Structure formats: structure tokens, C-alpha cells
Amino acid sequence: MSFLQNNTAYHHDGQEQSPSWYEHIEIPGRLRIAFLPAAQKSGLFQIDDRVASFDNGIRVDFRPSVNGCCS
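Basis of the calculations
- Residues numbered from 1 in each chain as written.
- Predicted model: local features only at pLDDT ≥ 70, side-chain atom pairs only at ≥ 80, totals over all residues.
- Heavy atoms only, no water.
- Phe/Tyr/Trp six-rings, centres within 6.5 Å; stacked < 30°, edge-to-face > 60°.
- Helix = DSSP H or I, 4+ residues; strand = E, 2+ residues; numbered from the N terminus.
- Buried < 20%, exposed > 50% of the residue type's maximum accessible area, 1.4 Å probe, protein only.
- Lys NZ or Arg CZ within 6 Å of the ring centre and 35° of its normal.

**Examining the packing of aromatic side chains**
Counting across every chain of the model gives 2 aromatic pairs. On the basis of an interplanar angle of 50° and a centroid distance of 5.6 Å, the ring pair of Trp21 and Phe35 is categorised as tilted. Of this pair, Trp21 sits in strand β4 (residues 20–26) while Phe35 is found in strand β5 (residues 30–35), placing the two residues 14 residues apart along the sequence. Classification of Phe35 by relative accessible area gives partly exposed; the value is 28%. Ring geometry for Phe45 against Phe54: centres 5.5 Å apart, planes inclined by 90°, an arrangement best described as edge-to-face. Note on Phe54: relative accessible area 24%, which makes it partly exposed. Directly above the aromatic system of Phe62 lies the positively charged group of Arg50, at a separation of 4.5 Å from the ring centroid.

Now the structure itself:
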């Protein structure tokens, strides 16, 4: 399943941000979220109980997942 998710984040200083994510999920065990614009190559991959975060196409983190979406 794939879908576009539009978000709204409210910050303590009153600022509002509206990022969008493209999500693709395969059951069981896989989730990909691309933070838009996709040209930034930022987002995350979750495989089973591990999640890898990417910024500008470079993996910046790889850790146990707390999401539980894909188990």
C-alpha cells in the first residue's frame, strides 16, 4: 500500500510547519517513508524491528524500532 501523508506540526513558539511524506508499506515487516521533496533523499526504512534514517541519501542512524507497525 502506498499513500501521501500531509502533516501539521505546531511548535511551542507558535510556528506551524506542514511537511508531506510519501509512505509505502509491505506487510509483514517493511515500511518506507520519503520526506518530500524526494530530491532531498531523506526519510526512513523500517524492516521488521529495526529502522534506518537517511538524510541527503546518507544513513545517519540505525536502531531498534519503537513503531511496531510492521511486526
